[in-house]
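Per-entry structural report
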Amino acid sequence: MTGSSDTDEVSTEHSSVSTWMQALGTATGNPGGGAASGLMLAIAAGLTAMVAGYTRATHATEDASGRDTTEAEATIAALRARAEARSELALRLADEDAHASRAFGSAFHLPAGVERDEAIRAASIEAAAASARLGEHAVDAIDDLAWLTEHGNPALIADVAVAIGALRAAITGARTNVSFDLGSVRSAHGSLEEIRADEPRLWELVPVFDRALERIDRLAASIDPEAAPTDAAS
């Protein structure tokens, strides 16, 4: 999460893709890495919903007429609903992250002194919290992609792989921003020990995100054999 802008707000939720991408490439930091992480979560959730929409109960169970099929249909419907809701939520979280980023940048532009130090500390914590919320929702999305990896329509396994990659990017972004935002309190003459004591939940999320990334990597590796061995000697 970096930078701030006094220009008109560009919304991840409401701006067009082309407008948002143009803003991403400008030297304003709005949108920045945090909003991009939210967009990656939205992409992962959208692909999850799409694959769920193409998945039938017969993909998840060999029993096409029994109770297992009924349960599978309910599981697929619930998974798709979660993914659709998560996609919308991710865009809102991206805009919340951008708002926190602007406050973060503004704090650093204050004159040196106690007021600046207090503003930096408060903005750093809020920025870390915004990224943490996004990351936690991204971690929650892993289970649904894991289910689709095993039970989803096999014709769309490549889309699952892309969703896994997008989700990894979202969690990586959240983990990075939480870590760096907490570290920024040193610019306000604070110490990491104080932050660790005052904000234990935020501090402890970094290893949670690390474990989530390890799980995603295992999930991605589990479907690699489905691809053509393009790196094999001809």
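Check the entry above for the structure.
The structure contained in this document is the topic of the report that follows. (Residues numbered from 1 in each chain as written. Predicted model: local features only at pLDDT ≥ 70, side-chain atom pairs only at ≥ 80, totals over all residues. Heavy atoms only, no water.)

1. Some points on the overall build of the chain
A count of helices and strands for the chain gives nine helices and zero strands. Tracing the chain from N to C terminus, the helices and strands come up as α-α-α-α-α-α-α-α-α. Reported as C-alpha extents along the three principal axes, the dimensions of the chain are approximately 70 × 45 × 40 Å. Taking all 234 residues of the chain together, the buried fraction comes to 42%. Contacts in the chain between residues at least 24 apart in sequence constitute 78% of all its contacts with a sequence separation of at least 6. Put simply, the chain shows about 12100 Å² of open surface, and 54% of that area lies on carbon and sulfur atoms. On the chain, the mean spot of the 18 positive side-chain charges and the mean spot of the 36 negative ones are 2 Å from each other. (Helix = DSSP H or I, 4+ residues; strand = E, 2+ residues; numbered from the N terminus. Buried < 20%, exposed > 50% of the residue type's maximum accessible area, 1.4 Å probe, protein only. Contact = heavy atoms within 4.5 Å. Areas by Shrake-Rupley, 256 points an atom, 1.4 Å probe, with all protein chains shown as cover. Lys, Arg positive; Asp, Glu negative; His and termini not counted. Charge placed at Lys NZ, Arg CZ, Asp CG, Glu CD.)

2. A closer look at the environment of A166
Note on placement: A166 falls in helix α7 (residues 157-183). Not counting residues up to four positions away in its chain, the partners in contact with A166 are M40, I43 and A44.

3. A short note on the environment of T28
Relative to the helices and strands, T28 is located in the loop between α1 (17-24) and α2 (33-54). Distance from T28 to P225, taken between C-alpha atoms, is 42 Å for residues 197 residues apart in sequence.

4. So, the nonpolar core
Formed by 43 residues in total, the largest nonpolar core has its most connected members in L41, L145, I164, L167, I171, L182 and L202. Looking at this core, the elements with two or more residues in it are α2, α4 (67-108), α5 (114-140), α6 (142-151), α7 and α9 (200-223). It is α7 that contributes the most residues to this core, 10 residues altogether. Counting six residues, the second largest nonpolar core, distinct from the first, contains A107, A123, A127 and A188. (Core = buried A, V, L, I, M, F, W, Y, C linked by side-chain atoms within 4.5 Å.)

No statement about biological role is implied by the geometric values presented.
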